[in-house]
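Here are the chains, one letter per residue:
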Amino acid sequence: MRRREFVSRTCAGLVALSPVGSLRFGSSAPWLLVPMDDTQTDHLKAYGLTYRALKRGVKAEWFLNYRSGAFLLPSDAGTVRDAALAGVLAEPLDDGQLVQIRGGLQGGNMDAVPLEKPPKVAVYAPPNAPPWDDAVTMALNYAGIEFEKVWDPEVLGQKLKTYDWLHLHHEDFTGQYSKFFLNYAGSAWLVDMVERNRAMARSLGFPSVPAEKGAVAGAIANFVDKGGFLFAMCTATETLDLALAANGVDIAASYADGDPMDPNATARMRWDRAFAFQNAQLELSPTTPVYSDIDGHQVNSPDRRQPLGSYTLFNFSAKIDPVATMLVQNHRQVIPDFYGLTTSFSRKTLKPSVTVLAEEPGAPWVKYIHGEHGQGTWTFFGGHDPEDPQHQIGDAPTDLSLHPHSPGYRLILNNVLFPAAKKKELKT
Amino acid sequence: MALPARFLCWIVLLLLPTPGWSQQPGMTRAFDLERRGDYAGAAQAYRAVLSGKPADLSALLGLERVLLPLNRSADILPAARAALAAAPSSSGIYGIALRAWAAADQPDSVRSIAERWARVAPTEETPYREWGASELARQNRSAARAAYLRGRERLGRPDAMAAEMAQLSLAEAEYPTALREWLLAVRRLPGYRTTAISTLAQAPVPAHPELLRLLSRETDLTARRIEADLRARWGDPLGGFRVLTAAMPADRVQAIAVLRGFLDQLRTMRSQGARRTEGMVLEAIAARSPEAQASRVRLEAAQAYTAAGDRAAARRMLGRLADDRATPASIASDAATTLIGVLIAEGKLDDAAQRLAELRPTLSADDYDAIRRRIAFGWMKQGNLARADSAIKTDSSIEGLALSGRIHLYQGDIRGAVDRFKEAGPYAGDRGEATHRTMLLALLLPLEKDSLADLGGALLKLEQGDTVQATAELERVAAELPASQGGAELYLLAGRLSAGSGKPVEAERLLRAAAVKEAPSTAPAAELALAELLISGRRGAEAVEILEHLILTYSRSALVPQARRKLDEARGAVPKT
């Protein structure tokens, strides 16, 4: 599904859903309400339950701002069984109760968004396993949402157009190996990463890794421009925009492309090509694992590092701005912050068109942003792992079965289901 | 390296009876502001003091302190310049100035200040140490090394800043160089030995032979001690002890100090080899100690040997202690108690009982009962159930009841065992014993028979470590019982034992026999165990089927959350644990 379709389709009134299947597990109610407030037993798997229901061809609804973003599913045998296996609370609902809920939705800052089609998800990741975890891959695996991995050959080979949704995590699109090259010199994982990337650049006919990653960034921008949905976390957010804005300016250290960074790179950046940021100052030191002043927290710069606080989700009008509302559905409004190589986004570097979804009140940075690019949309979420605030290289991956109610991970999964939504006509 | 030196400098200066800064109102105000966390205000106040007395070291250090949390360390430069002009021979001011230029990221100025400082203090290492530290803060290790080497050259001392050079070499994985530097550092200042060992011990395994070869070329005690400690850290404590023994100084006091140092290393380790070597070291210390102390040390040695399973050595130590009239009474009693433990572990229960009888007048009633239970446990394990039972007949403690329950169980007296276990309650023994008792109760409660000699025999076999025979007998008993009346529970236990013995085919057959709908309280546990077995055999798809059945069929079972977790694991939804 492309954004053009998504925006242009209208849906007057709510879609009447038809319950599928006749088997019941001890309930004759035709509907299941999956609450997403504190009564839910596994928030993260609830997204997977909904996704799999869509995958089976049934239709669902997302009740924005109702019980923290509840889902309505038909009470067919497959869904009941799936909920029981996943340990997701699903309350049986009869038609009378549903009419009552719909009445309530009309009255408040709530709305029902039909979910039609399971999005086809791609995760950009190298074939080997880097020594850090990937929050979205973990969230998708835990929730039971299918995805495919893609890397540079697929991205440059036009395969992206077969997907609705692309996720980027801890990737360095400036081609500088997360700027760990000097500080982790000799580490087996870094040696492997460098070799693999150099071989890939060579095989694709690029003179250096930065040149090849720049082309990959361009292909990703093209995917969004043509209606794709992009979600990025951690350093993928910042480096993607830096790679796009560089546009031929050498922003890579000599270890990456053989010659030092252009000392006037900051002044020569073309920010009109970037998704979210503008007028950032680039970090010139090749030894400091920091790219620019886009990141507000500067975790790897001892003299500039800022402490972690909490971020607050904004409230949007569900009926007027359903997209932003979908992205912030949560059972918590204030969420503890977490570091990443890019933790947050300085307000001073945001383009005016950017929609801020979450911020740390009073701080000069924001956490979670969204915007449009051509016919598609992008969402950037700062930080590495919402349940491991100071994830270090080599740390064990987070076990999400210990965090089934994670509000930070919910934000990631909101992005997965958001492309499944059929958007209603904006009211004027 | 620079940071502790800097803090030390501040602490020393704060403690020194400086010419009464506390009496100066400006300094008092600045210090108060700093203490309250008003760093900007404190910086202003320190600057005010410095405007009148530019070389006031306390004010300058205060300014340096408060600028750090403000992220404005380089702002101290003008004050540092003024202080240097006012007091061009003050080492303290040079240190601040050097750090100021380092904060301003001006390495040339850092170098120039360090050189000037070295001219003022030509015999001190500090200028070069601070210079090197500032280069390290910039991640420039080669410049740091150059600074240290320059210091060495100027001071004319090849061991100057050896500890810093060692750390630098370690950061660059140059382990042989690090070792050479640590040897220099420890010879000069023995207090570095602990740091040297802890850092060198982290060298990768392939580097070990080269480091040991380098150490073997050295002839002094310092090298031998480092070699011994490293050998111990790298899994060869006995080799370390041999190296140390060969180099032991003749002086008794010095030798004990060396052995005690090695003992400290051993006590951080958990292996049996380390415990045995600990016993040997303690024995060596005892041999060099005055007799009054030697008894205590020999007892410690015996305990270490016992922990290592070297009963012969333990008995050698203890026999001498227990029989020696010169041994103080308290130590003799402890030694005799330990000796009884050794005899029990060796299966010499009659000897242990005899020792206990001799020792009885010196023991408290509780201690006596505890040892008697251990002897009874030994008889029980040997299958001498009647003697075990009679030994604790008068013991009415909860531990005694728990043991009596096990003896009755092995005699086939199911009812008697259940009654005693219930009477003992959940607090007898340690947590492991309590869990084991609960497991036995769960096994026995569904049985509708008062006695079952075959089951007692099977469980006794299990207690004696004969798992194969125990499993076979359990299966035989299970086959004679209805699933709902204990049969399923016995199959489950037999299945778990087979799985634990690495017999997956047999385990699967037994667990499937336990996972029957006629025994709904046993089936979830059996299905979970079966799923775990299948996952370990890389039969994830079959495990998923079993787990789904468990969750959907026994949805109210307490094992459902665990089953969901396993389901996630089988599907690869969570990392493997």
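Just so it is clear, the structure is predicted and the values come from calculations on it, not from any experiment.

**Some remarks on the overall build of chain B**
In terms of regular secondary structure, chain B is built from 33 helices and 0 strands. For chain B, with 577 residues in total, the buried portion stands at 48%. By sequence separation, contacts in chain B at least 24 residues apart represent 50% of the contacts at least 6 residues apart. When the accessible area of chain B is evaluated, it comes to approximately 27,400 Å², of which 53% is carbon and sulfur surface.

**A look at the overall build of chain A**
Along its length, chain A carries 13 helices and 15 strands. Looking at chain A residue by residue over its 428 residues, the buried ones come to 61%. When contacts within chain A are restricted to residue pairs at least 6 apart in sequence, those whose partners lie at least 24 apart make up 76%. Carbon together with sulfur atoms contributes 53% to the accessible area of chain A, which is approximately 15,600 Å² in total.

**Some thoughts on the pattern of salt bridges**
Residue and element names in this part refer to chain B. Across all of its chains, the model carries 65 salt bridges over all chains by this definition. For the salt bridge of Arg 406 with Glu 463, the shortest nitrogen-to-oxygen distance reads 2.5 Å. Here Arg 406, found in helix α24 (residues 398-410), pairs with Glu 463, found in helix α27 (residues 453-463); they are 57 residues apart in sequence, far enough to count as distant. Since its relative accessible area comes to 16%, Arg 406 is described here as buried. Connected via shared salt-bridge partners are Glu 125, Arg 129, Arg 157, Asp 159, Glu 164 and Arg 188.

**Here's the deal with the sheet that holds strand β5 (residues 111-115) of chain A**
Residues and elements named next belong to chain A. The 5 strands are arranged β4-β1-β3-β2-β5 in an open sheet whose pairing can be described as antiparallel. With partners counted over all chains shown, the strands left at the sheet margins are β4 (91-93) and β5, one partner each. Along the sheet, successive strands turn relative to each other by an average axial angle of 30 degrees, direction set aside. In this structure, strand β1 (residues 31-34) lies alongside β4, joined through 3 bridges in antiparallel fashion. Each residue of the ladder has a partner; that of Leu 33, found in β4, is Glu 91. Packed onto the sheet, helix α2 (residues 43-55) meets β1, β2 (60-64), β3 (70-74) and β5 and runs at close to 35 degrees relative to β3.

**A word on the interface of chain B and chain A**
Each side of the interface is counted separately: chain B has 15 residues, and chain A has 18 residues. Of all residues in chain B, the largest losses of buried area upon contact with chain A belong to B:Leu552, B:Arg564 and B:Pro575, amounting jointly to 35% of the total for that side. Linking chain B to chain A there are 3 salt bridges. Of the charged contacts, one joins A:Asp399 and B:Arg565 as a salt bridge, the two residues approaching to 2.2 Å between their closest N and O atoms.

**As for the packing of helix α9 (residues 141-155) of chain B against helix α10 (residues 162-171) of chain B**
Residues and elements named next belong to chain B. At their nearest, the axes of α9 and α10 sit 10 Å apart, and the two run at 155 degrees to each other. With respect to their mutual orientation, α9 and α10 come out roughly antiparallel. Considering only the axes of α9 and α10, their crossing is left-handed. Residue-level inspection shows Arg 141, Ala 144, Arg 145, Tyr 148, Leu 149 and Arg 152 of α9 in contact with α10, the latter providing Ala 162, Glu 164, Met 165, Leu 168, Ser 169 and Ala 171. In terms of residue class, the contact of α9 with α10 is built from 7 nonpolar, 1 polar and 4 charged.

**A few points about the packing of aromatic side chains**
Residues and elements named next belong to chain A. Tallying each qualifying case throughout the model produces 19 aromatic pairs over all chains. Pairing Phe 63 with Tyr 66 gives two aromatic rings, centres 6.0 Å apart and planes at 75 degrees, and the pair type is edge-to-face. There is no split in this pair, since Phe 63 and Tyr 66 are both buried. For the pair Phe 314 and Phe 316, a centre-to-centre distance of 6.3 Å together with 50 degrees between the ring planes defines the contact as tilted. The class of Phe 316 is buried, set by a relative accessible area of 14%. An aromatic cluster of at least three residues, connected via ring pairs, comprises Phe 275, Phe 277, Phe 345, Trp 378 and Phe 380. The ring of Tyr 163 carries Lys 120 above its face, with NZ or CZ at 5.0 Å from the centroid. For Lys 367, the ring lying beneath its charged end belongs to Phe 338, and the centroid distance is 4.0 Å.

**Brief notes about the side chain of A:Thr137**
Residues and elements named next belong to chain A. Within the secondary structure, Thr 137 is located in helix α5 (residues 135-143). Using a relative accessible area of 10% as the deciding quantity, one classes Thr 137 as buried. Polar side-chain contacts of Thr 137 include one of 2.7 Å to the side chain of Asp 134. Setting aside residues up to four positions removed in sequence, Thr 137 forms contacts with Val 123 and Phe 147.

**A short note on the confidence of the model for chain B**
Residue and element names in this part refer to chain B. For chain B, mean pLDDT is 89; residues scoring 70 or higher make up 95% of the total. Within chain B, the lowest mean pLDDT, 41, falls on helix α1 (residues 2-15), and the highest, 97, falls on helix α30 (residues 504-514). Note on the complex model: pTM 0.66, ipTM 0.78.

**Examining the pairing of strand β6 (residues 121-124) of chain A**
Residues and elements named next belong to chain A. Every second residue of β6 is oriented toward a common face, with Val 121 and Val 123 on one face and Ala 122 and Tyr 124 on the other, all of them buried. Inspection of the sheet shows β6 paired to strand β8 (residues 165-168) by 4 bridges, in the parallel sense. Its bridge partner lying in β8, Ala 122 is registered against Leu 166. Where β6 lies against strand β7 (residues 148-150), 3 bridges are found, and the strand directions are parallel.

**Observations concerning the environment of B:Tyr491**
All names here are of chain B. Within the secondary structure, Tyr 491 is located in helix α29 (residues 487-500). Since its relative accessible area comes to 18%, Tyr 491 is described here as buried. With 17 residues separating them along the chain, Tyr 491 and Leu 474 place their C-alpha atoms 7.2 Å apart. Beyond its immediate chain neighbours, meaning those up to four positions away, Tyr 491 contacts Glu 475, Ala 478, Ala 479, Leu 510, Ala 513 and Ala 514.

**Overview of the pairing of β5(A)**
Residue and element names in this part refer to chain A. Taking burial as the measure, the 5 residues of β5 include 5 buried ones, the bulk of the element. Of the two faces of β5, the one holding Asp 111, Val 113 and Leu 115 and the one holding Ala 112 and Pro 114 are both buried throughout. One ladder, built from 5 bridges, connects β2 with β5; its direction is antiparallel. Residue Trp 62 lies in a different strand from β5, and its bridge partner there is Val 113.

**Quick notes on unusual backbone geometry**
A positive phi angle, close to 55 degrees, is found at A:Asn279, a residue other than glycine. Along the chain, A:Asn279 falls in the loop between α11 (265-268) and β10 (310-313). In this model, B:Arg538 sits at a positive phi of 55 degrees, which is unusual for a non-glycine residue. Mapped onto the elements of the fold, B:Arg538 is located in the loop between α31 (523-536) and α32 (540-553).

**A closer look at the environment of B:Pro54**
Residues and elements named next belong to chain B. By secondary structure assignment, the location of Pro 54 is in the loop between α3 (39-52) and α4 (57-67). In this structure, the C-alpha to C-alpha distance between Pro 54 and Ala 87, residues 33 residues apart in sequence, is 8.6 Å. Contacts of Pro 54, omitting those with residues within four sequence positions, involve Ala 82, Ala 83 and Ala 86.

**Points about the packing of α24(B) against α27(B)**
Residue and element names in this part refer to chain B. Axis separation between α24 and α27 bottoms out at 7 Å; the angle between their running directions is 120 degrees. One way to sum up the angle between α24 and α27 is to call them oblique. Here α24 contributes Arg 406, Leu 409 and Tyr 410 to the contact with α27, which in turn contributes Gly 456, Gly 457, Leu 459, Leu 460 and Glu 463. Of the residues contributing to the contact of α24 with α27, the split by class is 4 nonpolar, 2 polar and 2 charged.

**Examining α5(A)**
One turn of an α-helix holds 3.6 residues; hence residues three or four places apart share an orientation. Burial analysis of α5(A) places 8 of its 9 residues in the buried class, which makes it a mostly covered element. For α5(A), every residue scored as buried is listed here: A:Ala135, A:Val136, A:Thr137, A:Met138, A:Ala139, A:Leu140, A:Tyr142 and A:Ala143. As for α5(A), its buried residues are in contact with α2, β6, β8, β9 (229-233) and α13 (407-417) of chain A together with α33 (560-571) of chain B. Count one or two residues on from α5(A) and you reach A:Gly144, which has phi positive near 85 degrees.

**So, helix α16 (residues 252-266) of chain B**
Residue and element names in this part refer to chain B. With 15 residues, α16 ought to run about 21 Å at 1.5 Å a step, and its terminal C-alpha atoms sit 21 Å apart, in line with that. For α16, the full list of buried residues reads Ala 255, Ile 256, Val 258, Leu 259, Gly 261, Phe 262, Leu 263, Gln 265 and Leu 266. Turning to α16, the residues buried within the fold contact α12 (193-200), α14 (221-233), α15 (237-246) and α17 (272-288). Looking at where α16 begins, the residue whose side-chain oxygen comes 3.4 Å from the main-chain nitrogen of Val 253 is Asp 251.

Quick notes on the rules
Residues numbered from 1 in each chain as written. Chains lettered and ligands numbered in written order. Predicted model: local features only at pLDDT ≥ 70, side-chain atom pairs only at ≥ 80, totals over all residues. Heavy atoms only, no water. Helix = DSSP H or I, 4+ residues; strand = E, 2+ residues; numbered from the N terminus. Buried < 20%, exposed > 50% of the residue type's maximum accessible area, 1.4 Å probe, protein only. Contact = heavy atoms within 4.5 Å. Areas by Shrake-Rupley, 256 points an atom, 1.4 Å probe, with all protein chains shown as cover. Salt bridge = Lys/Arg side-chain N within 4 Å of Asp/Glu carboxyl O. Pairing = 2+ DSSP bridges. Axes fitted to C-alpha atoms, helices over the stretch in contact; angles between N-to-C directions. Buried area = accessible area lost by both parts, 1.4 Å probe. Parallel < 35°, antiparallel > 145°, perpendicular 65-115°, else oblique. Left-handed = near helix turned anticlockwise from the far one by under 90°. Nonpolar A, V, L, I, M, F, W, Y, C, P; charged D, E, K, R; others polar. Phe/Tyr/Trp six-rings, centres within 6.5 Å; stacked < 30°, edge-to-face > 60°. Lys NZ or Arg CZ within 6 Å of the ring centre and 35° of its normal. Polar contact = N/O pair within 3.5 Å; in protein donor to acceptor, adjacent residues only side chain to side chain. pLDDT = per-residue confidence, 0-100. Expected span 1.5 Å × (residues − 1).

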